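Okay, here's what each chain looks like letter by letter:
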Amino acid sequence: MKNKIVWLTLCLASFLTATAQNRYFTKTGHIGFYSHTSIEDINAINDQVTSFFDIATGEMVFSVLGRSFQFAKPLMQEHFNENYMESEKFPKASFEGKIADLKTCDFTNSGKYPVKVAGKLTIHGVTKDIEAAGNLTIDKDKITGESVFPINPEDYGIRIPSVVRQNIAESMKVTVQMNYQLYTAKK
Amino acid sequence: MKPRNLLFLIFMLVGTSIKAQNLNDLLAEESTDGPQPVEALFKATRVINGHSVRQLKKGELDYRISHRFGRVNSGAYEFFGLDQSNVHFSLEYGLLDRLMVGIGRGTYEKTIDAFVRYNIANQQRGKGAFPLTISYLSTIEAIGLKWSDPSRTNYFSSRFSFMQQLLIARKFSKMTIQLMPTFVHRNLVPTEMDQNDLLAIGVAGRYKLANRLALTGEYYYVVRPIPQRTTQKMYNPLSFGFDIETGGHVFQIMLTNSQGMREGGFIGKTTGSWMKGDIHLGFNISRVFTLNSKKK
């Protein structure tokens, strides 16, 4: 009888740890980029970024469709997908990484914590190691992740023809803002 | 193994399997996409002479200049057609994302023309996607030439011709195919033998060779139930070209057997034959300006 109780407790414990609520997610994260040159400014926003964040391990994953970037000019949007990102061939960009200094964040206490994220960024089928600084803002059961970092399109094999070289910045400013909610697995 | 041990093992396994479902799997699960629009079936609003399903979005202004030289078989005296030229200018504008209008002027038959085009449906990809892009085009054209016979009673309405067309297109990766069932009505035709109403079916295609370069082709089969007895034999228009894109410009260079650059002209009045070498070199230049950008 005693044994049975021990077993059952163990079973329950293993089950509980497995379903522990340490995963946060969003399907409406924002990623934007901004290119500034003396000729023109290009600004694009994507409000349909899917991301998961595990507060126990610090792991973060992002997935974003090239076609969901919205531009001020429809023609820019088309050129972005057709000529630069080649969204037919490479529909998604993704990031897989980890918060390096997770220990500095106290997820039970509301507040703003500066963090460093490192991982692999895949754009246009090319994967590069990347590191970015950002902030985690914890407000009860909501977590907001923010970061601003530069990327060079040419590092990801995106060719920019010389005729438009003057119109597109060498380095673009990428802005990330994720409003995470607690993830509960679907039944 | 004792049953309770087995039970524990199962619980452990189930537990760890849930835990092992990594973030990437979750990501793939959650980011299942709904239907997404397929863009850029064509790069310009014209395939070559006729319209493509390419729509001007709201606030986009397209200024087009089209040029057709003379026939390449006209010999060295005409510098193989380059001495002659026909020009067509047009201004086209997207009133709504799905509705565009345009006006134009052509030197061929001194025409003034206008059109309205409505985008009925768009091709999508993903689950539950709509397979085709469909647009409806209606054009009106007025010939400005002096009357060939001023002694007869000439009506103003005789200058007009009209066209109704459905544009149905689908993009297959690098290739786009478009069908154009067409109805042309001419108020006045040269002889009694000519039909006022013409039915035609057009087929057009685009093949993307590189990011900014595509091969295009266009053909209209014109239904002529009565054998042609007029002195001037009419041919079906057939054209081939290249689309070259640079920023907001699309440059189209083509070979065609028709001189007209508007439906009334090239569908009903193509007199050139490819077999005889009645081929015109030509080009279209399109420059798109975005007049009102979406405020973000």
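Since we're looking at a predicted model, the values are computed, not measured.

K.L.:
I would appreciate a short explanation of the overall build of chain B in the present structure.
P.N.:
For chain B, the count of helices and strands is three helices and 14 strands. Burial status across chain B gives 45% buried among its 296 residues. If you take every contact in chain B between residues at least 6 apart in sequence, the share linking residues at least 24 apart comes to 58%. Accessible area for chain B stands at about 14900 Å²; split by element, carbon and sulfur atoms hold 66% of it.

K.L.:
Could you clarify how one ought to interpret the environment of phenylalanine 69 of chain B in this entry?
P.N.:
Residue and element names in this part refer to chain B. Within the element layout of this structure, phenylalanine 69 appears in strand E2 (residues 60–71). Here phenylalanine 69 falls in the buried class, since its relative accessible area comes to 16%. Here phenylalanine 69 is in contact with Gly81, Leu82, Gln84, Ser85, His280, Leu281 and Phe283, once residues within four sequence places are set aside.

K.L.:
Please explain the side chain of threonine 290 of chain B as it appears in this structure.
P.N.:
In this structure, threonine 290 of chain B sits in strand E14 (residues 280–290). Overall, the relative accessible area of 18% leaves threonine 290 of chain B in the buried class. Filtering out sequence-adjacent residues up to four positions away, threonine 290 of chain B remains in contact with Lys73 and Pro74 of chain A together with Gly59 and Glu60 of chain B.

K.L.:
Looking at this structure, I do not really get the nonpolar core. What am I missing?
P.N.:
Side chains of nonpolar character tend, in soluble globular proteins, to be buried together. Core analysis: the biggest nonpolar cluster contains 45 residues, and Phe33, Phe53, Phe107 and Ile143 of chain A have the highest contact counts within it. Counting 25 residues, the second-largest nonpolar core is a separate cluster that includes Val47, Met100, Phe115 and Val288 of chain B.

K.L.:
In this structure, what is going on with helix H2 (residues 23–30) of chain B? I would like to understand it.
P.N.:
Turning to H2 of chain B, its buried residues are Leu23, Leu26, Leu27 and Glu30 of chain B. With its buried residues spanning 100 degrees around the axis, H2 of chain B presents them on a single face.

K.L.:
Could you clarify how one ought to interpret unusual backbone geometry in this entry?
P.N.:
Note: most residues except glycine have negative phi, and most peptide bonds are trans. All names here are of chain B. With a phi close to 55 degrees, alanine 40 is a non-glycine residue in the positive phi region. Along the polypeptide, alanine 40 turns up in the loop between strand E1 (36–37) and E2. For alanine 40, a relative accessible area of 7% gives the class buried. Despite not being glycine, serine 173 has its phi angle at roughly 50 degrees, a positive value. Take serine 173: it is sitting in the loop between strand E8 (160–172) and strand E9 (175–186).

K.L.:
Looking at this structure, I do not really get the sheet that holds E9 of chain B. What am I missing?
P.N.:
Pairing between the strands of a sheet is mediated by backbone hydrogen bonds and can be parallel or antiparallel. Residues and elements named next belong to chain B. One closed barrel holds the twelve strands; their spatial order is E2-E3-E4-E5-E7-E8-E9-E10-E11-E12-E13-E14, and the pairing between them is antiparallel. Put simply, the sheet's adjacent strands are angled 20 degrees from each other on average, direction ignored. Looking at chain direction, strand E13 (residues 249–256) and E14 are connected through eight bridges and run antiparallel. Paired with glutamine 252 across the bridge in E14 is asparagine 284.

K.L.:
Please explain the pairing of strand E7 (residues 126–139) of chain A as it appears in this structure.
P.N.:
The two faces of the sheet receive side chains in turn, since in a regular strand these alternate between them. Residues and elements named next belong to chain A. Of the strand pairs in this sheet, strand E6 (residues 111–123) and E7 are connected by 13 bridges, and their pairing is antiparallel. Counterpart to glycine 119 in the pairing with E7 is isoleucine 130. Sheet topology note: the E7/strand E8 (residues 142–151) ladder contains six bridges and is antiparallel. Residue pairing in the sheet places threonine 137 in a bridge with threonine 144 of E8. Hairpin geometry of E7 and E8 is characterised by an intervening segment of two residues between the two adjacent antiparallel strands and by a positive phi of about 55 degrees at lysine 140.

K.L.:
Please clarify how the pattern of salt bridges should be interpreted in this entry.
P.N.:
Two side chains with opposite charge may pair up if their charged atoms get near one another. A complete count under the given rule lists 18 salt bridges over all chains for this structure. With its nearest N and O atoms 3.2 Å apart, the salt bridge here joins glutamate 82 of chain A to lysine 208 of chain B. Of this pair, glutamate 82 of chain A sits in helix H2 (residues 74–84) while lysine 208 of chain B sits in strand E10 (residues 197–210), on two different chains. Under the relative-accessibility criterion, lysine 208 of chain B is labelled buried at 14%. Each of the salt bridges in this network shares a partner with another, and the network as a whole consists of Glu78 and Glu82 of chain A together with Lys43, Arg54, Lys171, Lys208 and Glu245 of chain B.

K.L.:
Before we go on, may I ask you to explain the side chain of aspartate 62 of chain B in this structure?
P.N.:
All names here are of chain B. Structurally, aspartate 62 can be placed in strand E2. A polar atom in the side chain of aspartate 62 sits 2.9 Å from the side chain of serine 286. Polar side-chain contacts of aspartate 62 include one of 3.4 Å to the backbone nitrogen of arginine 287. Ignoring anything within four residues of it in the chain, the contact list for aspartate 62 reads Thr45, Leu56, Ser90, Leu91, Glu92, Ser286, Arg287 and Val288.

K.L.:
Would you mind showing me how to read H2 of chain A here?
P.N.:
Since the α-helix turns once every 3.6 residues, residues separated by three or four places project in the same direction. All names here are of chain A. Across the eleven residues that make up H2, a large majority, ten, are buried. Listed as buried for H2 are Leu75, Met76, Gln77, Glu78, His79, Phe80, Asn81, Glu82, Asn83 and Tyr84. Looking at the residues trailing H2, positive phi occurs at glutamate 86, about 50 degrees.

K.L.:
Looking at this structure, how should I read the packing of aromatic side chains?
P.N.:
Each aromatic ring pair is summarised here by two numbers: the centre-to-centre distance and the angle between the ring planes. With the rule as written, the count across this model stands at 18 aromatic pairs over all chains. Here phenylalanine 33 of chain A and phenylalanine 71 of chain A contribute two aromatic rings whose centre-to-centre distance is 5.9 Å and whose plane-to-plane angle is 70 degrees, an arrangement assigned as edge-to-face. Pair noted here: phenylalanine 33 of chain A is in strand E1 (residues 23–36) and phenylalanine 71 of chain A is in strand E4 (residues 70–71), with a separation of 38 residues, a long-range link. Take phenylalanine 33 of chain A: its relative accessible area is 11%, and that puts it in the buried class. On the basis of an interplanar angle of 80 degrees and a centroid distance of 5.3 Å, the ring pair of phenylalanine 156 of chain B and phenylalanine 160 of chain B is categorised as edge-to-face. Owing to a relative accessible area of 60%, phenylalanine 156 of chain B belongs among the exposed residues under this scheme. Of the aromatic side chains, those joined through ring pairs into one cluster are Phe33, Phe69, Phe71 and Phe80 of chain A. For the cation-ring pair, arginine 159 of chain B lies above tryptophan 147 of chain B, with the distance from its terminal atom to the ring centre recorded as 4.2 Å.

Conventions used here
Each chain has its residues counted from 1, following the order in which its sequence is written. Whichever chain is written first is A, and whichever ligand is written first is 1; the rest continue in order. Per-residue local features of the predicted model are confined to residues with pLDDT of at least 70, and side-chain atom pairs are confined, for both listing and counting, to 80 or more; whole-chain, interface and lining totals are unaffected and use all residues. Hydrogens are left out, water is left out, and the side-chain values use all remaining heavy atoms of the structure. Note on conventions: DSSP H or I runs of at least 4 residues are helices, E runs of at least 2 residues are strands, and numbering of each starts at the N terminus. Only protein chains enter the accessibility calculation, which uses a 1.4 Å probe. A residue is then buried if its area is under 20% of the maximum for its type, exposed if over 50%, and partly exposed in between. Any two residues whose heavy atoms approach within 4.5 Å are treated as being in contact. Using the Shrake-Rupley algorithm and a 1.4 Å probe, accessible areas are obtained, with residue cover drawn only from the displayed protein chains. The nonpolar core is taken to be a set of buried Ala, Val, Leu, Ile, Met, Phe, Trp, Tyr and Cys residues, with the residues joined through side-chain atoms within 4.5 Å. Along the arc lie the directions from the helix axis toward the C-beta atoms. Pairing between two strands requires that DSSP report at least two bridges joining them. Lines fitted to C-alpha atoms define the axes, with helix axes restricted to the stretch in contact, and inter-axis angles between N-to-C directions lie between 0 and 180 degrees. We define a salt bridge as a contact between a side-chain nitrogen of Lys or Arg and a carboxyl oxygen of Asp or Glu at a distance within 4 Å. For this analysis, a polar contact is any N or O atom pair within 3.5 Å, provided that within protein one partner can donate a hydrogen and the other can accept it, and provided that sequence-adjacent residues contribute only side-chain to side-chain pairs. Any Phe, Tyr or Trp ring, taking Trp's six-membered ring, that has another such ring centre within 6.5 Å forms a pair; planes under 30 degrees apart are called stacked, those over 60 apart edge-to-face, and the others tilted. In this scheme, the term charge over a ring applies when either NZ of a lysine or CZ of an arginine sits within 6 Å of the ring centre and within 35 degrees of the ring normal.

From the geometry alone we can't say anything about function, so treat these as descriptive.
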